[in-house]
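# Fold and contact review
Spelled out from the first residue to the last, the chains are:
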Amino acid sequence: MSSSDRRRFLKSAVALGGASGLAGLAGCSNSSPVTLPGLGLPEPADFDYPRVLPLPFAHGVASGDPLADRVIIWTRLTLPEPPAAGIPVRWQLSERADFGSVLREGQQLSVAEHDWTVKVDVTGLAAATTYYYRFEALGVRSLIGRTRTAPDGPVSEVRFAVVSCSSYWSSHWSGYGHIADRNDLDLVLHCGDYIYDFVDEDEEVRARLDRFDINDVDYRDWLDLAELRRRYALFRSDPNLLRAHQQHPWMIVWDNHDIDPDFGNELASPIDPASSRCTLADTVRAFYEWTPTRPPRADGSGAFRFYENGEYPLPEDARLIYRRLAYGPLVDFFGVDTQINLPGYGLSVDASHLPEGAPSLFGRRQFEWLTASLLASQRAGVTWRVVNNQTWIAPVDVPDLAAGIALPKLGISRWTDYSAERAALFGWLRGANPAGERVRGTVFVSGDAHGNLNSDLVESAALLSTYRSGPPAPNPRAGSTPENQAAGMTRASTAGLPGVDPRADSVGVEFAASSLGRGGADEIVANAAPETDSAAQVAATRLIETAVVNGNANVQFIEWVDHGYGIVQLDAEKAIFEHWWQDKLTPGSPDVLGYQSIAWAQADEAALPPRRLDQIDSVTLHGRTVAPTAGSRVSEPAPLDLPLVPR
């Protein structure tokens, strides 16, 4: 805690200690009684603010960006009229869910400057260890959260969930609930669009308090920083999202809906867009306030500034999000930013690492950080490199006829307009780097396009090229709804034979786990032909998927109807990728394993078919049955002993 924060803390404690109605503040001391979770502060009948738990810890707890010896923990104090001087909050961390012993503890001041959020970088922890944490303030105790630090030595496996495009109004988020129920995850990766600015006109599935009203602040785009912060509160008032944060640490990157300051609605709105006062500085500020994200340094190195003694981890430059989490010899996680350098944000972008006139999504500083870090990771002996990425980077569009002979594109991914930078990145992985070294084991996990995708990473999916895949075939498994049979298109073979590798041009693999709400190609069909029923929409989507795999040989699986999340399990031999789907229109929808694929960390030319690096295949092509994976490191869940009532 800085000296100014310490003085402010002491002044606030004195001021609040004598305030009428807040006698319970003494609960911040070790010796004072604390109420049970759920027995919170009184709430005025007219208090209209999204929440799911009693005051003041109305939005639960969260943790994120774990390292081997530290992790960020988060909460927020929500009150109708919080005191201007701030509120002291005590935090505790234990290795036991019952807090029979307290390992670490401290206190931080909740202040308006940070929208009353509390973020603590808890240090001095053991690697690959499960911890439990909680907060106390105003005589009330928060939910208990569970987190897990990163390994710094060998572990049997690393398991993580992949989520993207989570629109509150488009889905009941059953997937978040299923993620929360898993007790063997190391991390949850969110690939962006963690929150949404506006309601999709075709996806009015739910609204807060059933207020389906474009004039309602919780059903339209935000106009200023206060409304933007309220949007995070709305999303965190969902019970499934609250539980997923309570049970696991997260690594989140932003995308367009998270940081777009411009006002706009798909539903007709009487509000003049010019009345918006929101800025890019506001959107990135609120992101850091409401997510358990560890800020990198302002120098663009991707390295972290560490915050000791319970300081609030305030970003040096809130526009920077790219960073790396080291998970021992098995995997390095890289969070990237392919959004903020788009032209609409008005930032100056250095593209001098690319051919003259070619635009850059990364910017030179981030591109050089990422490429150098991927190479350094391999040289350090790390098996896998996982890139938490916003948008599909593999070519998935109208293919080129041949190298240098382009055909018009649909623009399914923003990388269509940044192909030179994609080629430069993939070339680096192929060995076009100062070391002349091929970088293996790179996995992009991506969102944005609202579809399920498994792909090899190639610069171009040109029809006339040496790269070849097996013939297309329907996925024999069904989706989450009765209409979605033979869910997606896959490949009938790996195309590989002993001594013959027509997919050798691939420099890595990509795994996209659909969206947790926003619609896919079936919605596009429904918009084009609103008279069709859901079965006809699925059938038409199958035709789109077939066209994609026929035109893009790198695509090994695509399904563009179902929604949910992914599970990835990495070990020293292989990576297993699972697509888990839920009916987004049904609360509490069951979890359906729709597809499972594999990539190899160890090549085996003697196997039939041969096991090649940097290629992704259906598990069935390698003689395996589709069956859910399970981790060997299981921990007791954090308790949830009170009802979650969104209001």
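Everything that follows concerns the structure shown earlier in this document.
## A closer look at the pairing of strand β11 (residues 249–252)
Alternating residues of β11 divide into P249 and M251 and W250 and I252, and every residue in both groups is buried. Relative to β11, strand β1 (residues 61–64) runs parallel, the two being bridged by 2 bridges. Among the inter-strand pairings, S63 is bridged to a residue of β11, identified as P249. The pairing of strand β10 (residues 187–190) with β11 spans 3 bridges and is parallel.

## Observations regarding unusual backbone geometry
The residue after L55, namely P56, is reached through a cis peptide bond having omega 5°. As for its position among the elements, P56 is in the loop between α1 (3–17) and β1. Here the phi dihedral of L138 falls at roughly 55°; this positive angle occurs in a residue that is not glycine. Residue L138 is classed as buried on the basis of its relative accessible area, which comes to 5%. One non-glycine residue, C165, lies in the positive phi region at around 50°. Within the secondary structure, C165 sits in the loop between β9 (158–163) and α2 (174–180).

## Focus: the nonpolar core
Judged by nonpolar contacts, the single largest core of 99 residues is most densely connected at F135, Y176, I179, F235 and L425. In this structure, L425 is in contact with F362, F367, L370, T371, L374, I393 and F444, ignoring residues within four places of it in sequence. In this structure, L187, V386, V445 and A601 belong to the second largest nonpolar core, which totals 29 residues.

## Concerning the pairing of strand β6 (residues 130–137)
Taking burial as the measure, the 8 residues of β6 include 8 buried ones, the bulk of the element. The alternating pattern of β6 places T130, Y132, R134 and E136 and Y131, Y133, F135 and A137 on opposite faces, both of which are buried. Judged from the 5 bridges that link them, strand β3 (residues 87–94) and β6 form a sheet pairing that is antiparallel. Paired with Q92 across the strands is R134, a residue of β6. When β6 meets strand β8 (residues 145–148), the two strands line up antiparallel, connected through 4 bridges. Across the sheet, T130 pairs through a bridge with R148, a residue of β8. Inspection of the sheet shows β6 paired to strand β7 (residues 140–141) by 2 bridges, in the antiparallel sense. Pairing of A137 across the sheet is with V140, part of β7. If you look at the hairpin formed by β6 and β7, you'll find 2 residues sitting between the two strands, and L138 has a positive phi there, around 55°.

## Description of the sheet that holds β11
Strand order in this open sheet of 10 strands is β5-β2-β1-β11-β10-β9-β21-β22-β23-β24, and the pairing throughout is mixed. Sheet topology places β5 (117–122) and β24 (616–618) at the edges, where each strand pairs with a single neighbour. Looking at each pair of strands side by side, their axes are set apart by 30° on average, direction ignored. Looking at chain direction, strand β21 (residues 563–570) and strand β22 (residues 574–582) are connected through 8 bridges and run antiparallel. Directly across from Y565, in β22, lies its bridge partner W580.

Rules of the game
Residues numbered from 1 in each chain as written. Predicted model: local features only at pLDDT ≥ 70, side-chain atom pairs only at ≥ 80, totals over all residues. Heavy atoms only, no water. Buried < 20%, exposed > 50% of the residue type's maximum accessible area, 1.4 Å probe, protein only. Helix = DSSP H or I, 4+ residues; strand = E, 2+ residues; numbered from the N terminus. Pairing = 2+ DSSP bridges. Core = buried A, V, L, I, M, F, W, Y, C linked by side-chain atoms within 4.5 Å. Contact = heavy atoms within 4.5 Å. Axes fitted to C-alpha atoms, helices over the stretch in contact; angles between N-to-C directions.

Keep in mind that these numbers describe shape and distance, not what the molecule does.
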